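Here are the chains, one letter per residue:
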Amino acid sequence: MHADLNFEQLVRDHQEMVFRTLLRLTGSREHVDDLAQDVFLRLYRALPSFRGEALITTYLYRITVNVAQDEWKRRRRDDRSHVSLSDDVSNWEDRLAHPSANAEQQLEQREFQHNVEEQLQRLSQVERTILVLYHQEERTYEQIAYTLGLPIGTVRTHLHRGRKKLREAIQQRQTNERSATCTTNR
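All of these numbers come straight from a predicted model, not from anything done at the bench.

Draft legend 1. Structural detail: unusual backbone geometry. A positive phi angle is found at Glu138, which is not glycine, with a value near 55°. Mapped onto the elements, Glu138 comes out in the loop between helix H6 (125-136) and helix H7 (141-148). Residue Glu138 is classed as exposed on the basis of its relative accessible area of 64%.

Draft legend 2. Molecular detail of the packing of aromatic side chains. A full pass over the atoms with the stated rule returns 2 aromatic pairs. Taken together, a centroid distance of 4.7 Å and an interplanar angle of 50° make the contact between Phe50 and Tyr59 tilted. Judged by relative accessible area, which is 9%, Phe50 ranks as buried. Residue class for Tyr59 comes out partly exposed when judged on its relative accessible area of 22%.

Draft legend 3. Summary view of the packing of helix H3 (residues 56-78) against H7. It is at 9 Å that the axes of H3 and H7 come closest, and there the two elements cross at 50°. Comparing their axes, H7 and H3 come out oblique. The element H3 and its partner H7 pack so that their crossing is right-handed. On H7, the residues that touch Thr58, Tyr61, Arg62 and Val65 of H3 are Gln143, Tyr146, Thr147 and Leu148. Here the contact of H3 with H7 is composed, by residue class, of 4 nonpolar, 3 polar and 1 charged.

Procedures and definitions
Residues numbered from 1 in each chain as written. Predicted model: local features only at pLDDT ≥ 70, side-chain atom pairs only at ≥ 80, totals over all residues. Heavy atoms only, no water. Helix = DSSP H or I, 4+ residues; strand = E, 2+ residues; numbered from the N terminus. Buried < 20%, exposed > 50% of the residue type's maximum accessible area, 1.4 Å probe, protein only. Phe/Tyr/Trp six-rings, centres within 6.5 Å; stacked < 30°, edge-to-face > 60°. Axes fitted to C-alpha atoms, helices over the stretch in contact; angles between N-to-C directions. Parallel < 35°, antiparallel > 145°, perpendicular 65-115°, else oblique. Left-handed = near helix turned anticlockwise from the far one by under 90°. Contact = heavy atoms within 4.5 Å. Nonpolar A, V, L, I, M, F, W, Y, C, P; charged D, E, K, R; others polar.

Don't take any of this as a statement about function, it's just geometry.
What follows is the structure, given as structure tokens:
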């Protein structure tokens, strides 16, 4: 094992990041505990061969993405959808009320956030992964490229395409919702 690495400390320091990333990549809380356990088991098994050529967080992100990809494959085999409408996709920070937002604004924010999360699940796996790592996990192009084993240009292309698809899907849904509201108010 790399001399500077303490497994228990690694788990404590990165547990929240692993859970958050898995939740955002898979879109479901259903198996996140099991998936996180798999991530840390893989990390534990891989630590003896870790040479320190990359940051341990980059190494851990790669393992987390691999576990999420394995979950996507399992779901496809099981012929399940990627998102359950009954899942609560927001985390505890999102449920805290903002002091200046009224109830209607909070509801609109939650609906918008739910819409974003739902549309995010409809992107390709690579686009979703890159968007989550870049925007939600605040990883650099270089870290994402290393983590996914892709050229930086490819990461940028997927990020651009994913943003565009996400923006268009959200705008389309909002347009449809406004049209439906106008129709029912007549």
